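So the chains spell out like this:
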Amino acid sequence: MFGRYRGTFRRECGDILVEAESVDGLLTYRRRCEGQTFERILVSKTGEVVINPVEPVNLPREITDFLLVEFSPMMIEPGASRTVYLKFPVEIGVFVESARDIEVLDVFASGTQKYTLYGSPTSGIIARYYESAVYPEIPQVDPFREGVMELSLHNSCREWVEVSRVVFESTDMKIYYGDFVAATATMKVLTKTMAETDFVDAPLRPGMVKSVELYTARKIPAIDRGYLMEWGF
Amino acid sequence: MAFNVTEVLEIPIGVGDITVESLLYFAVILTVGVIIARIVAINVRRILAERLPVNERELLAKLVYYGIIVWAFVVALPQLEFDLSGLLVAGGVAGIVIGFASQSVVSNLISGLFLMFEHPIRIGDNINVADVAGSVEDIRVLSTVIKTYDGIYIRIPNEKVFTSNITNYVHNAARRFTYEIRIRHQDDANEAIRIAKEVIETHPFALKNPAPSVFVDNLGDYSVNLTAYIWAPARNWWEVRTDLLWKIKVALEENGIEVPFPQRTVWFADGLEVKGGSGEKNE
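What comes next is a walk through the structure.

Conventions used here
Residues numbered from 1 in each chain as written. Chains lettered and ligands numbered in written order. Predicted model: local features only at pLDDT ≥ 70, side-chain atom pairs only at ≥ 80, totals over all residues. Heavy atoms only, no water. Helix = DSSP H or I, 4+ residues; strand = E, 2+ residues; numbered from the N terminus. Rg over C-alpha atoms; globule rule 2.2 N^0.38 Å. Buried < 20%, exposed > 50% of the residue type's maximum accessible area, 1.4 Å probe, protein only. Contact = heavy atoms within 4.5 Å. Areas by Shrake-Rupley, 256 points an atom, 1.4 Å probe, with all protein chains shown as cover. Lys, Arg positive; Asp, Glu negative; His and termini not counted. Charge placed at Lys NZ, Arg CZ, Asp CG, Glu CD. Core = buried A, V, L, I, M, F, W, Y, C linked by side-chain atoms within 4.5 Å. Salt bridge = Lys/Arg side-chain N within 4 Å of Asp/Glu carboxyl O. Nonpolar A, V, L, I, M, F, W, Y, C, P; charged D, E, K, R; others polar. Pairing = 2+ DSSP bridges. Axes fitted to C-alpha atoms, helices over the stretch in contact; angles between N-to-C directions. Expected span 1.5 Å × (residues − 1). Parallel < 35°, antiparallel > 145°, perpendicular 65-115°, else oblique. Left-handed = near helix turned anticlockwise from the far one by under 90°. Phe/Tyr/Trp six-rings, centres within 6.5 Å; stacked < 30°, edge-to-face > 60°. Lys NZ or Arg CZ within 6 Å of the ring centre and 35° of its normal.

Moving on, we come to the overall build of chain A. When its secondary structure is counted, chain A shows one helix and 19 strands. Whereas a compact globule of 233 residues would reach a radius of gyration of roughly 17 Å, chain A reaches 19 Å, a difference of no more than 12%. In terms of its C-alpha atoms, chain A occupies a principal-axis envelope of roughly 70 × 40 × 35 Å. In chain A, which comprises 233 residues, the share counted as buried stands at 52%. Once local pairs closer than 6 in sequence are excluded, the contacts in chain A between residues at least 24 apart make up 74%. Summed over its atoms, the accessible surface of chain A is roughly 10800 Å², and 49% of this surface lies on carbon and sulfur atoms. Charge separation in chain A, taken as the distance between the mean sites of 26 positive and 34 negative side-chain charges, equals 3 Å.

Core analysis: the largest hydrophobic core is formed by 55 residues, its most contacted members being Ile51, Leu151, Val163, Val166, Met187 and Met229 of chain A. A total of seven residues in this core trace back to one element, the largest contributor, which is strand β7 (residues 66–76) of chain A. Beyond its immediate stretch of four places on either side in the chain, Ile51 of chain A contacts Met1, Phe2, Gly3, Tyr5, Phe9, Val18, Ile92, Gly93, Val94 and Tyr177 of chain A. Within the second largest apolar cluster, 33 residues are counted, among which are Ala173, Phe177, Trp231 and Leu252 of chain B.

A word on the environment of Val214 of chain B. Along the chain, Val214 of chain B turns up in strand β7 (residues 213–219). Remark: the alpha-carbon pair of Val214 of chain B and Ile42 of chain B, spanning 172 residues in sequence, is separated by 51 Å.

Before going further, it helps to examine the interface of chain A and chain B. With 20 residues of chain A at the contact, the number on the chain B side is 19 residues. If you look at where chain A meets chain B, you find one salt bridge. The salt bridge involving Arg61 of chain A is made with Glu239 of chain B; its shortest N-O contact spans 2.4 Å. Only β11 (115–118) and β12 (125–132) of chain A provide two or more residues apiece to the side of chain A that touches chain B. Sort the elements by how many residues they give to the side of chain A that touches chain B and β12 of chain A lands first, with four residues. Looking at the side of chain A that touches chain B, its residues break down into ten nonpolar, four polar and six charged.

Residue and element names in this part refer to chain B. The strand order across the open sheet formed by five strands is β4-β3-β2-β1-β5, and the pairing between neighbours is antiparallel. Strands with a single pairing partner mark the edges of an open sheet, and in this sheet they are β4 (153–157) and β5 (166–168). Taken over all neighbouring pairs, the strand axes of this sheet differ in orientation by 40° on average, direction set aside. Note: strand β2 (residues 132–139) against strand β3 (residues 143–148), five bridges, orientation antiparallel. In the sheet register, Ile139 faces β3, and the bridge partner there is Thr144.

Now for the sheet that holds strand β4 (residues 26–33) of chain A. Remark on secondary structure: sheet strands pair via backbone hydrogen bonds, oriented parallel or antiparallel. Residue and element names in this part refer to chain A. With respect to topology, four strands assemble into an open sheet ordered β2-β3-β4-β5, the strand pairing being antiparallel. With partners counted over all chains shown, the strands left at the sheet margins are β2 (9–13) and β5 (36–42), one partner each. Along the sheet, successive strands turn relative to each other by an average axial angle of 15°, direction set aside. Where β2 lies against strand β3 (residues 16–23), five bridges are found, and the strand directions are antiparallel. Each bridged residue has a counterpart across the sheet, and for Cys13 the counterpart in β3 is Ile16.

A word on the pairing of strand β16 (residues 181–189) of chain A. Residues and elements named next belong to chain A. The buried fraction of β16 is high, at seven of nine residues. Note that strand β13 (residues 146–155) and β16 share nine bridges and pair parallel. Looking across to β16, one finds that Leu151 is bridged to Ala185. Strand direction decides the pairing type here: strand β15 (residues 175–177) and β16, joined by three bridges, are antiparallel. If you follow Ile175 over to β16, its bridge partner there is Ala183. Connecting β15 to the antiparallel partner β16 that follows it, the hairpin turn spans three residues. Bridge count for β16 against strand β17 (residues 195–200) is six bridges, and the pairing is antiparallel. Considered in β17, the bridge of Val189 is made with Ala195.

Here we take up helix α8 (residues 237–254) of chain B. Residue and element names in this part refer to chain B. Under the 1.5 Å per step criterion, the end-to-end length of α8 is 26 Å for 18 residues, consistent within 8% with the ideal 26 Å. All of the buried residues along α8 are Trp237, Val240, Leu244, Ile248, Ala251 and Leu252. Just past α8, the residue Gly256 takes up positive phi, approximately 80°.

Time to look at the environment of Gly147 of chain A. Residues and elements named next belong to chain A. Here Gly147 is to be found in strand β13. For the pair Gly147 and Glu70, spaced 77 residues apart in the sequence, the C-alpha separation amounts to 15 Å. Dropping the residues within four chain positions of it, Gly147 is found in contact with Leu86, Lys87, Phe88, Val90, Val141 and Val181.

Before going further, it helps to spend a moment on the packing of helix α2 (residues 20–47) of chain B against helix α3 (residues 54–76) of chain B. All names here are of chain B. Close contact between α2 and α3 brings their axes to 8 Å; oriented N to C, the two are set at 165°. Taken together, the axes of α2 and α3 are roughly antiparallel relative to one another. The way α2 lies across α3 gives a crossing that is right-handed. Counting all contacts with α2, which are made through Phe26, Ile29, Leu30, Gly33, Val34, Ile36, Ala37, Arg38, Val40, Ala41, Val44 and Arg45, the residues of α3 involved are Arg57, Glu58, Leu60, Ala61, Val64, Tyr65, Ile68, Ile69, Ala72, Phe73, Val75 and Ala76. For the contact of α2 with α3, the per-class residue count stands at 19 nonpolar, one polar and four charged.

On to the packing of aromatic side chains, then. If you walk through the whole model with that rule in mind, you get 15 aromatic pairs over all chains. A ring pair is formed by Phe168 of chain A and Phe199 of chain A, whose centres lie 4.5 Å apart and whose planes are at 40°; its orientation type is tilted. Taken as a pair, Phe168 of chain A in strand β14 (residues 161–169) and Phe199 of chain A in strand β17 lie far apart in primary sequence, 31 residues in all. By relative accessible area, which is 1% here, Phe168 of chain A ends up buried. Among the aromatic residues, ring-to-ring pairing joins Phe177, Tyr179, Trp237 and Trp238 of chain B into one connected group. Stacked on the ring of Trp237 of chain B, the Lys or Arg Arg175 of chain B has its end atom at 3.6 Å from the ring centre. Residue placement shows Arg176 of chain B over the ring face of Tyr229 of chain B; its charged tip is 3.7 Å from the ring centre.

In structure tokens, the structure reads:
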């Protein structure tokens, strides 16, 4: 389903249908996912429809830029480093692209969403919540529901730390897709309560294609600066 | 008789040596200044539309707008032969007079500046101030404009906003709301709590953390009273609150747990004698 399409097309995967068909001479984009439908008439001569996984912070409505993944607690020795694999939720973005511009047409996803508060109610942040197990190898995932995150953990403080969640700013997120959806991230523990997280702009496997990011399509300028987790992990 | 423009322009207007020409220059400079200020402010808003929060964007646009106008005024003043250094001398006395005359204006202005920099409220926030509840439409130099939930425009002087108790419902990231759920005494309260928690869990904006809390709060005359505390994002709490209660009621009823009607058990000392049984007719 992920890829670029010109003119009419039809892709169906499970309960997801995405198509562009000519209705009475009008090119019509139509999406059906879990009983919900979305339709738009496209007026375009040279434009392409781009479908790819996007930052999972848009549904049911965009209220935050943050993603929090909670996982089984891990105790990390001072100075130790380890790479593990987590799952993260996938939302599918549909863009219309021409030579001069790209615009978001539709965002949808299978399954439900949940949000949480990271930090205190007065100074914390709202984040999209997802629960994952910790995998030593790349786990099997449904590419339309979940992605694989390679997380490189490093404890740079002088004490043992327990880590059970990681928070990212979605504007830093670099998603790649191929047989599955993937992102590569780092988490550097600075103190007992603070850690720095960031995404790495590199495919998990060679040959993966980089997704068009939502904030790029929305022309929102963003600086990749990572995120500082100040309220524990 | 020939009409000579130069002569007309050189006609004194009767105040010092000010001529029509210098008055025109003053007006033109000021008009150009206002036009430039508007164009620059519009462009500042447009360029920063998606880069800055609306509050900061409006503040910056207003600062630029009034800054250019003040600059144009200062540039235009010499056309009226106004000696700015003289203003410093005269300013002392005039300042006192103007100060008294415009006490409330200055007070509103200073309050407005404090509001802009202290940020107790921002444009778009849902607030309650001076007994007015609504969303902030604009924070101006002298006043704050609030649109009530009924869509009514209310302008409050900044001094009043600044000196009143301000309740900002969306200042924090999350807020809590409460439901009181009543079930019958014969219903299983633990089951009701489990069902209510399950329904709350399905709502995306009922926050995972802080976790919702549902518990038996007290035993009423005719009902067991459960209380549910639910946290939601501050900007979305109303939608969660209006959405969840009915879903909880439906889920409870589907599982045989009902909301009780008010009832009272009456005991008769001599027992209750039933008259007018089947076949018996009362006259």
